[in-house]
Amino acid sequence: MNKQALPKVLLSLFDTAGEGFWFMSDDNVVQFYNHSFYQQFPLSMEDSTLDDWLRLVHPEDREKLLQEVDCHRQALLLARVTTRYRVKNVSGRYLWIEATGVRVEYQSGLAIVGVHKNVSEEVLLNQYLTHMATHDSETGLFNRHKFLEKFPSLSEKTWILVCCLAQLQQLQRQVGYEAIGYLSSALVSTLDDVLQMKYGLYRISADVFVVTMEQAINSEESLSLLYKIESVFHQVGENDSILSSRLGLGAIPVCALSVTAPLQQIFDLSEYSRAISSPITYMGESQRSIDRYFVIHDALESAVNKHQITIALQPIVEAATGKLISFEALARWEHPELGSIPPSEFIPIAERLGHIHALGMLIFEQACQYLVMFDAKHHARPLVNVNVSAHQLLRASFVDDVCKVVAHFGIDSTRIVLEVTESYLLDENPTITKALDVLHTHGFKLSLDDFGSGMSAITSLFRLPLYQVKLDKVLINEAMRREACLKLIAHLYEFGNTYNITLVAEGVETSEMFKRLTEVGISYLQGYYLYRPCSPQVWLEKSVFE
Ligand code: C2E
Ligand code: CA
Ligand code: CA
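So, a few notes on the structure that sits alongside this text. (Residues numbered from 1 in each chain as written. Chains lettered and ligands numbered in written order. Predicted model: local features only at pLDDT ≥ 70, side-chain atom pairs only at ≥ 80, totals over all residues. Heavy atoms only, no water.)

Concerning the coordination of the calcium ion (ligand 2)
In the first shell of the calcium ion (ligand 2), the protein supplies Glu328 (OE), Asn387 (OD1), Glu419 (OE) and Asp449 (OD), at 2.1 to 2.3 Å from the metal. Sequence spacing of the donors to the calcium ion (ligand 2): E-x58-N-x31-E-x29-D. Taken as an interatomic distance, the gap from the calcium ion (ligand 2) to the calcium ion (ligand 3) is 3.9 Å; aspartate 449 donates to each of them. With a gap of 121 residues between them, glutamate 328 in strand β14 (residues 324–335) and aspartate 449 in strand β18 (residues 445–451) connect regions that are remote in the sequence. Like aspartate 449, glutamate 328 is buried. (Donors = N, O, S within 2.8 Å, 3.2 Å for Na, K, Ca; no water. Helix = DSSP H or I, 4+ residues; strand = E, 2+ residues; numbered from the N terminus. Buried < 20%, exposed > 50% of the residue type's maximum accessible area, 1.4 Å probe, protein only.)

As structure tokens, this is what we get:
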């Protein structure tokens, strides 16, 4: 309906509106009524056609708009349709327009009349909010919400890779927040280099990234990708100390992920990959180990708090007399579902989770309690050996804590042998060396555990005020096979004599071992051949001490 057909007053009214009013006949002639709105578009307000308008519509939206117009023309009288698309304005920028049209009768036929509204601000705001909601602001990568949105559409046949920046927090402390920028771009260029296929990358927590792939791969392929990622990431970071950060890497098949809570398993895998140093796939045996690791992980704190971790005691025997000179207290945990969990499994977890001090003190108290009960029954006055983790020695309160416990039980500190495992910490950390010196001055005896197990730093023997060195079972077994190793043990024995350090052979399992070790002078032995670790009650009942 052309303008002349409308009363002037109506047109003036239209011109005060912020929206555009239009009319389109079924032969595609379009009338735009108000200058106030349509002046922002490069088109003639008179004699325009749908094609003129479509030329301004964004190429991606054109097809859809045309279809909607066609559809609308098939609709019933008064049918109302609203749609949104982009239209180019006089300065060449696309505006988001919301068009609402109504099917009306016109000159014994039909036409569409409607309004155009500029909704750019609303759309851009929405787009921005959607972007914010689905992207991580620090790295610009997709975030956890986006991953959860994408997750249901991932094919069951594909795998996801989990990359964990193991030292991010430490690096952020050292170099500030830009560390994450460096590391995430190093990760992106590593993935670009290694994957050579379309992939999605999501930052699902501060230091955990998930890679999705569209291509189906098997477990060997995914493991080999992880190894490549590990090596390329290190090459990328070779010349930059910030980038020499360690990556924890794991892969998990989409079919193994819980449909309702995939993140839990991904976080478990990332934490596990952070704890161990080599890439891991969540499948078969390793899947069972990871699941078990987290059952232990989750139950440990409460087991320590509820004193569910107890001790077994294994005697250290003087070869010449058969006397039990000491008992080594070994941590024991009977889990209601998993049964007995070996300390080699839960001690490293306790160290990682920061529960080792509480656990160590629990063992220490039980060991002291045992001596009190032992003394009440027997004349002999054996020692007790307690394992101490390096993490405990780093605690400022450690010396005070152990002194309080021995005072509480009325035990002479000279009856306590603290076993410290050799590690680089022993040699290099002054806090630990200092703590050991102070313990020594308080009368505690110090023992170097697991000597010969691989990381032996013979210098420890000179630096620390040692009472005892325990030769690891690996070294003892080796001595049974190789004469040179047995000779080394004989030398160590001489050395111990000179410096007044007693040597204990661990892992003595046979009479042959007993014989050969005592022949070269080892006078203290510990192992299944002599006694197995048993509960305090068992030892208290025994009469081998009189
Ligand atoms: P470890 O301190 O070297 O303790 C000796 C380990 O060897 C014990 O294993 C003991 O049961 C085992 N053993 C004893 N005789 C023999 C033998 O003849 N043959 C063999 N093959 N093994 C023998 P367990 O109790 O499983 O403890 C393993 C490790 O866990 C300990 O090694 C120690 O490093 C750690 N651990 C145990 N309790 C504690 C604790 O209270 N605190 C800390 N920090 N570590 C602990
Ligand atoms: Ca030990
Ligand atoms: Ca040992």
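Still more to cover.
So, the packing of helix α10 (residues 262–275) against helix α11 (residues 284–305)
Here α10 crosses α11 at 90°, and the two axes come no closer than 10 Å. In terms of orientation, α10 lies roughly perpendicular with respect to α11. Contacts between α10 and α11 involve Asp268, Leu269, Glu271, Tyr272 and Ala275 from the first element and Ser289, Ile290, Tyr293, Phe294 and His297 from the second. Within the contact of α10 with α11, the residues separate by chemical class into six nonpolar, two polar and two charged. (Axes fitted to C-alpha atoms, helices over the stretch in contact; angles between N-to-C directions. Parallel < 35°, antiparallel > 145°, perpendicular 65-115°, else oblique. Contact = heavy atoms within 4.5 Å. Nonpolar A, V, L, I, M, F, W, Y, C, P; charged D, E, K, R; others polar.)

Observations regarding the coordination of the calcium ion (ligand 3)
Those protein atoms acting as donors to the calcium ion (ligand 3) are Asp449 (OD), Asp450 (OD), Glu506 (OE) and Glu506 (OE), and they sit at 2.2 to 2.4 Å. Read from N- to C-terminus, the donor residues coordinating the calcium ion (ligand 3) fall into the pattern D-D-x55-E.

Some details on the state of the cysteines
Applying the stated criterion across every chain yields a total of zero disulfides. You can see cysteine 255 has no disulfide; the closest cysteine sulfur is in cysteine 163, sitting 19 Å from it. (Disulfide = S-S within 2.5 Å.)

What to know about the sheet that holds strand β3 (residues 48–49)
Ordered in space as β3-β2-β1-β6-β5-β4, the six strands form an open sheet in which the pairing is antiparallel. On the outer flanks of this sheet lie β3 and β4 (80–88), each paired with one strand and no other. Pairing analysis gives 10 bridges linking strand β5 (residues 94–106) to strand β6 (residues 109–118), with the strands arranged antiparallel. Among the inter-strand pairings, glutamate 105 is bridged to a residue of β6, identified as leucine 110. Set on the sheet, helix α4 (residues 59–74) makes contact with β1 (20–25), β4, β5 and β6; between it and β4 the angle comes to about 155°. Against the sheet, helix α5 (residues 120–134) engages β4, β5 and β6, with an angle of about 125° to β5. (Pairing = 2+ DSSP bridges.)

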